[in-house]
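Descriptive analysis of the structure
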Amino acid sequence: MPENKILIIIAVLVGGGILTAIIYYVVRFMRGSIKLSLPRTVFNPGDTITGSFELLTKKAIEGNKLVVSLIGVKVTKTYDDGKTKTRSREIYRDEQLLEEAKSYRAGSKATYEFNLSAPDMNSPEFLNSKVGQALTVAFRLLSDRSTRLKWKVEARLDAKGVDLAAAKSVSINTKQML
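Let me sum up the structure you'll find in this document.

Cut-offs applied
Residues numbered from 1 in each chain as written. Predicted model: local features only at pLDDT ≥ 70, side-chain atom pairs only at ≥ 80, totals over all residues. Heavy atoms only, no water. Helix = DSSP H or I, 4+ residues; strand = E, 2+ residues; numbered from the N terminus. Buried < 20%, exposed > 50% of the residue type's maximum accessible area, 1.4 Å probe, protein only. Contact = heavy atoms within 4.5 Å. Areas by Shrake-Rupley, 256 points an atom, 1.4 Å probe, with all protein chains shown as cover. Phe/Tyr/Trp six-rings, centres within 6.5 Å; stacked < 30°, edge-to-face > 60°. Pairing = 2+ DSSP bridges.

Some details on the overall build of the protein
Each helix and strand counted, the protein has 3 helices and 9 strands in total. Tracing the protein from N to C terminus, the helices and strands come up as α-β-β-β-β-β-β-β-α-α-β-β. Here the protein, with 178 residues, has 34% of them falling under the buried criterion. At a minimum sequence separation of 6, the contacts of the protein that also span at least 24 residues come to 70%. For the protein, the accessible surface area stands at approximately 11300 Å², while carbon and sulfur atoms represent 55% of it.

A look at the packing of aromatic side chains
Taken as a whole, this structure holds 3 aromatic pairs when the rule is applied. Both rings, one in Phe53 and one in Phe114, keep their centres 6.4 Å apart while their planes meet at 40°; by these two values the pair is tilted. Residue Phe53 is found in strand β3 (residues 48–57), and its partner Phe114 is found in strand β7 (residues 109–117); the two are separated by 61 residues along the sequence. An identical accessibility class is assigned to Phe53 and Phe114; each is buried. For the ring pair Tyr92 and Trp151, a centre distance of 5.4 Å and an interplane angle of 70° mean the geometry is edge-to-face. Of this pair, Tyr92 sits in strand β5 (residues 83–99) while Trp151 sits in strand β8 (residues 147–159), placing them 59 residues apart in sequence.

Some remarks on the pairing of strand β9 (residues 164–172)
Pairing geometry for strand β2 (residues 42–43) and β9, over 2 bridges, is parallel. Counted as the bridge partner of Val42 is Ser171 from β9. Where β8 lies against β9, 7 bridges are found, and the strand directions are antiparallel. What sits directly across from Arg156, in β9, is Ala165. The antiparallel pairing of β8 with β9 creates a hairpin that spans 4 residues between the two strands, and Gly161 there sits at a positive phi of about 90°.

Structure, rendered in structure tokens:
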């Protein structure tokens, strides 16, 4: 009998988690959306990443800031006793502020264009920066087949309540780095 109680508790917790996630995405969808567009998704170090996104609000939103970011995440897989563990850690973020705090009316639609730079690890300025040093270490770790670097471009309206966001994966050619 105690086993049934444990299974019921687990089922309730899992069901509650799934329901919470569904509610979050429904609320987010009801507030509006961001559609991100990138003409290219493969870049070399130092290239300019150009793109645009469309912000559509279905309800009035009090925005804190509107940003677009290039984000690098180091993903490490480890194997221990037949189990695989995956750890992710953000090691790079280049954020461009497009708008500061602003009120967006219900039904508003706007298109924003942006340019971000893919990190050029060969430039002396970059190599001497804290971010550059962290990325240099990360790229040296990439020789280990269980570590990789994932990049994405993200557009985000940081707002009171639920944020609106969209992201697309990009590739930065690390063979030309270091």
